[in-house]
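Breakdown of the fold
One letter stands for each residue in the lines below.
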Amino acid sequence: MDKRIVYKNDEGGISIIVPADCGLTIEEIAAKDVPASKTYHIVDVADIPTDRTFRNAWEWQ
Amino acid sequence: MASIKLKGNTSGEITIDVPAVAGANTLTLPATTGNVVTDSATQTLTNKTLTTPNIDSAEFATVSGTAPLYAARAWVNFNGQGTVAIRQSGNVSSITDNGTGDYTVNFTTAMADADYTPIVLNAPGYGVSLPTVALANLNNSTFTEVTPTTSAFRVSIRTSGNAAYDAKYMYVAIFR
């Protein structure tokens, strides 16, 4: 799946959900796997940086 | 008790008995040529789908002994480096990349309880000088415990130098 689900986690960074090929839609996975009360965004995988050197410093803009 | 008796051309015969209880039950025979499976002898079923079977004690033909056999309830193989991606999985709806070397495995169908056993292996990508270890139920940012739930569990990777690390190969299996 070429989409990712992004939300701000409790540590102030961002968590990125990588969907599996499980028969659920990206929206269904978001509804199930994003923690309650968290606002999330569905983005293209190409929008996620591949250089993870400063991964814990990533922010949602 | 009523019964139907069929006699063959030779001395053999078969008797179909009606159970000695009240009620009208229907026994529908298949509309194809074949043999009826009974519980009286060992029989081979080929290419049959058993939907939610209740198997008391599974013994696979290639397994010796009668110790019970438990299959994995969920599994996933994913890459934690670069573009984090799932290679293959079963009963896993997603993984969550929480930060460096910090992942949550989310189950498609929840476990019966949170007392399952996760088996986790990681391979950092060889050429890396530091050995790595997978630590279950760990938030790698705060270094605090994350209680597993019926729907997800967390795993983190740290090096022998106690630094968070993205593993190239992550292998997870869940047994319950």
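What you are looking at is a predicted structure, and each value in this text was computed from that prediction instead of being measured. (Residues numbered from 1 in each chain as written. Chains lettered and ligands numbered in written order. Predicted model: local features only at pLDDT ≥ 70, side-chain atom pairs only at ≥ 80, totals over all residues. Heavy atoms only, no water.)

1. Some remarks on the interface of chain A and chain B
Where the parts come together, the accessible area they lose is often given as the size of the interface. In this assembly, 22 residues from chain A lie in contact with 25 residues from chain B. Both faces considered, chain A and chain B share a buried interface measuring about 1,700 Å² in area, 43% of it formed by carbon and sulfur atoms. When residues of chain A are sorted by the area they lose upon contact with chain B, A:Glu11, A:Val18 and A:Arg52 head the list and together hold 34% of the total. On inspection of chain A and its partner chain B, the count reaches three salt bridges. (Contact = heavy atoms within 4.5 Å. Buried area = accessible area lost by both parts, 1.4 Å probe. Salt bridge = Lys/Arg side-chain N within 4 Å of Asp/Glu carboxyl O.)

2. With respect to the pairing of strand S4 (residues 85-90) of chain B
Residue and element names in this part refer to chain B. Pairing geometry for strand S3 (residues 74-79) and S4, over five bridges, is antiparallel. Paired with Asn79 across the two strands is Ala85, which belongs to S4. Between S3 and S4, which pair antiparallel in sequence order, lie five residues; one of them, Gly82, sits at a positive phi of approximately 55°. (Pairing = 2+ DSSP bridges. Helix = DSSP H or I, 4+ residues; strand = E, 2+ residues; numbered from the N terminus.)

3. Examining the environment of A:Ala20
Mapped onto the elements, A:Ala20 comes out in the loop between strand S2 (14-19) and helix H1 (26-33). C-alpha separation for the pair A:Ala20 and A:Met1, spaced 19 residues apart in sequence, amounts to 7.3 Å. Excluding anything up to four places from it in sequence, A:Ala20 contacts A:Met1, A:Ile29, B:Ile86, B:Ser89, B:Val92, B:Ser93 and B:Ser94.

4. Points about H1(A)
When we look at burial in H1(A), the residues that qualify are A:Ile26, A:Ile29, A:Ala30 and A:Asp33. What you see down the axis of H1(A) is that its buried residues fit within an arc of 100°, all on one side. Buried residues in H1(A) make contact with strand S1 (3-8), S2 and strand S3 (40-44) of chain A together with strand S5 (92-99) and strand S6 (102-107) of chain B. (Buried < 20%, exposed > 50% of the residue type's maximum accessible area, 1.4 Å probe, protein only. Arc of directions from axis to C-beta.)

5. Digging into the environment of B:Thr149
Residues and elements named next belong to chain B. With respect to the helices and strands, Thr149 occurs in the loop between strand S10 (144-145) and strand S11 (152-159). On the accessibility criterion, Thr149 (36% relative accessible area) is partly exposed. Sequence-distant contacts of Thr149, that is, excluding residues within four places in its chain, are made with Phe107, Ala114 and Tyr116.

6. Re the sheet that holds S3(B)
Residues and elements named next belong to chain B. Pairing is antiparallel across the open sheet formed by four strands, whose spatial order is S4-S3-S12-S7. Edge strands, defined here as strands with exactly one partner in the open sheet, are S4 and strand S7 (117-123). The average angle at which neighbouring strand axes cross in this sheet is 10°, direction not considered. Looking at chain direction, S3 and strand S12 (residues 169-175) are connected through five bridges and run antiparallel. The partner of Asn77 across the bridge, within S12, is Tyr171. (Axes fitted to C-alpha atoms, helices over the stretch in contact; angles between N-to-C directions.)

7. Concerning the environment of A:Val45
Relative to the helices and strands, A:Val45 is located in the segment after S3. Given a relative accessible area of 22%, A:Val45 falls into the partly exposed group. Counting along the chain gives 24 residues from A:Val45 to A:Asp21, while the straight-line C-alpha distance between them is 15 Å. Once residues lying within four places of it in the same chain are set aside, the contact partners of A:Val45 are A:Asp2, A:Lys3, A:Arg4 and B:Thr83.

8. Notes on the confidence of the model for chain B
Here chain B averages 89 in pLDDT, and 94% of its residues register 70 or above. Per the prediction output, this complex has pTM 0.79; the corresponding ipTM is 0.97. (pLDDT = per-residue confidence, 0-100.)

9. With respect to the pattern of salt bridges
Using the criterion set out here, one finds nine salt bridges over all chains in the structure. In this structure, the salt-bridge partner of A:Arg52 is B:Asp97, at a minimum N-O distance of 2.8 Å. Taken together, the positions of A:Arg52 in the segment after S3 and B:Asp97 in strand S5 put the pair across two chains. Each member of the pair, A:Arg52 together with B:Asp97, is buried. Close ionic contact of B:Glu13 with B:Lys5 constitutes a salt bridge, the shortest N to O distance being 3.6 Å. Overall, B:Glu13 belongs to the partly exposed group, its relative accessible area being 43%. Residue class for B:Lys5 comes out partly exposed when judged on its relative accessible area of 48%. Connected through shared salt-bridge partners, A:Arg52, A:Arg55, B:Asp97 and B:Asp166 make up one network.

10. Considering unusual backbone geometry
A positive phi angle, near 75°, is found at A:Ser37, a position not held by glycine. You can see A:Ser37 is positioned in the loop between H1 and S3. Although it is not a glycine, B:Asn47 adopts a positive phi angle of roughly 55°. Along the chain, the position of B:Asn47 falls in the loop between strand S2 (13-17) and S3.

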